[in-house]
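# Chains, contacts and geometry: an overview
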Amino acid sequence: MSVDTVASEGLHTAMVDQLVADHADKGLTMRPEVEAALRAVRRHLFTPGAPLEEAYRADQAVIAKRRGDEAVSSVSAPWLIAEMLGQATDDVDGGLLGRHVLEIGSGGYNAALLRELVGLSGSVTTVDIDRDVTDRATACLAAAGYDDVRVVCADAEQPIGDGRPYDLIIVTVGAWDISPAWTGQLAETGTLVVPLRTFGMTRSWALRRAGDRLVSRSQRLCGFVSMQGSGAHEMRYVDIAAGVHLRLDELQQQADPEAVGALLSQPPAQEWAGASLPPNTILADLDLWLAARITDAGQQFVVLTAQQEAIDAGLVAPAWRYGTPAALHDGSFCYRSALTWTDDLFDLGARAHGRDAGAAAERMVEHMRAWLDAGSPSPLLHVLPAGTPDGDLPAGTVLDKRHSRVVLTFNPS
């Protein structure tokens, strides 16, 4: 056995051990068949040219192709792959053994894991719009012994395959909408796992089909390279100050950069929720709650992003510089602010600028308190075809996209 083989086996074992431990730390349980698949498939065979240490980093994606500075294809981070496979297997009675699976967005590694999960009686088809990516996936799969995975080069916005319904469709690129082709190819009660952007924030949603609609069963915070082809949707960024931006992703989101920049230059008002929360509180759920509450109140919801230099200069103090919920309303700009800690507990707050800034900050804090009082509920997503009458929608916050009407609700606690 070569030195490289011994090294790769040791790194591989350590990576899977870490993934299992990370699941436990998050309160998740990795299903035995998912762990077995992760231990069976050698990830470095799908990251040619990358150092072994990089191939087996549990928290790191490996970029497979760039277009200029933009990553357009990657082998996703193992922790995220493991969680999405958990979503897929948790939502399918009896697991994936013998099932037929379509993967949208190809790199090879995830397709090999799926091949392990479906067994000899199941099938895996993986599709990507980029010929370079599919050629690379074909070569890597063959080298790893998975040459029975069907690799297709096509735009997955259109139907793929021979008309057979898929028990699972798993999307490994960032999507803004749900293509009708996906729902149409999904078996009745089948599962779609998709990183879907809502209000400019991405979650991996496990959605169960019920007729012409999809209803979520679980969701995880995630990030992916964006979808290409006819399903692409460009996220807009508005510069409001040096190193400070607004992210606009939904059709109805608008912002005047000069007006918001003028608000940001005014003195801030800060309000606190008066909470004492443990570090494991899932604030990603709060962010979607704020998006829904702000929208339902008739205010404009946006996402604030900032470079570290702008934070260090005191221009803004966001909860997370890569994407913080914010509201524009009646001459004020307000956002969820950085946490304040007392020992091992933290409090939530809001910072506002402009007209009646204190009242604007208090409104956002009241939304935070309402989420805490409701038991910190998790979001649910309903996806229905575009054109569905309002009267046929479930109660909740409605987003109209190109192909679908998305309704965000929350689990009662």
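Per chain, the residues get numbers from 1 upward, laid out in the order the sequence is written. Confidence filtering applies because this is a predicted model: local features only for residues at pLDDT of at least 70, side-chain atom pairs given and counted only at 80 or more, and all residues used for totals across whole chains, interfaces and linings. Side-chain figures throughout are based on the complete set of non-hydrogen atoms in the structure, without hydrogens or water.

### Here we look at the layout of surface pockets
Our working definition: Residues are called lining when one of their atoms sits within 4 Å of a cavity or pocket point, these points coming from a 1 Å grid over the protein atoms alone, where a cavity is a set in which a 1.4 Å probe fits but cannot get out and a pocket is an open set with protein on both sides within 12 Å along at least five of seven lines. Grid points are joined across faces, edges and corners, and a volume is the space filled by probe spheres set on the points. Numbering of helices and strands runs from the N terminus, with a helix taken as a DSSP run of H or I at least four residues long and a strand as a DSSP run of E at least two residues long. Note on residue classes: Ala, Val, Leu, Ile, Met, Phe, Trp, Tyr, Cys and Pro are nonpolar, Asp, Glu, Lys and Arg are charged, and everything else, Gly too, is polar.
Empty space within the largest pocket amounts to approximately 1,600 Å³. Lining the largest pocket are 46 residues; nearest its centre among them are Arg203, Arg220, Leu221, Cys222 and Ala284. The element that contributes the greatest number of residues to the lining of the largest pocket is strand E9 (residues 213-221), accounting for six residues. Across the lining of the largest pocket, the residue classes tally to 20 nonpolar, 14 polar and twelve charged. A volume near 180 Å³ is recorded for the second largest pocket. Around the second largest pocket, the lining comprises twelve residues; the ones closest to its centre are Ala61, Ala77, Leu80, Gly223 and Phe224. Looking at the lining of the second largest pocket residue by residue, the class counts come to seven nonpolar, four polar and one charged.

### Some points on the packing of aromatic side chains
What describes a pair of aromatic rings is the distance from one ring centre to the other and the angle between the planes of the rings. This is how it is decided: Only centres within 6.5 Å qualify two rings of Phe, Tyr or Trp (six-membered ring in Trp) as a pair; their planes then separate them into stacked at under 30 degrees, edge-to-face at over 60, and tilted for everything else. For every residue, the accessible area (1.4 Å probe, protein chains only) is compared with the maximum for its type, and the residue is labelled buried under 20%, exposed over 50%, or partly exposed between those bounds. Whether a charge sits over a ring depends on NZ of Lys or CZ of Arg being within 6 Å of the ring centre and within 35 degrees of the ring normal.
Taken as a whole and assessed by the stated rule, the structure comprises six aromatic pairs. Seen from their ring centres, Trp320 and Tyr322 are 5.4 Å apart, and the 65° between their planes marks the pair as edge-to-face. Note on Phe333 and Tyr335: the rings are 5.9 Å apart at their centroids and 45° apart in plane angle, and the pair reads as tilted. Neither Phe333 nor Tyr335 differs from the other in exposure class; each is buried. We note Arg43 situated over the ring of Tyr109; from NZ or CZ to the ring centre the distance is 5.6 Å.

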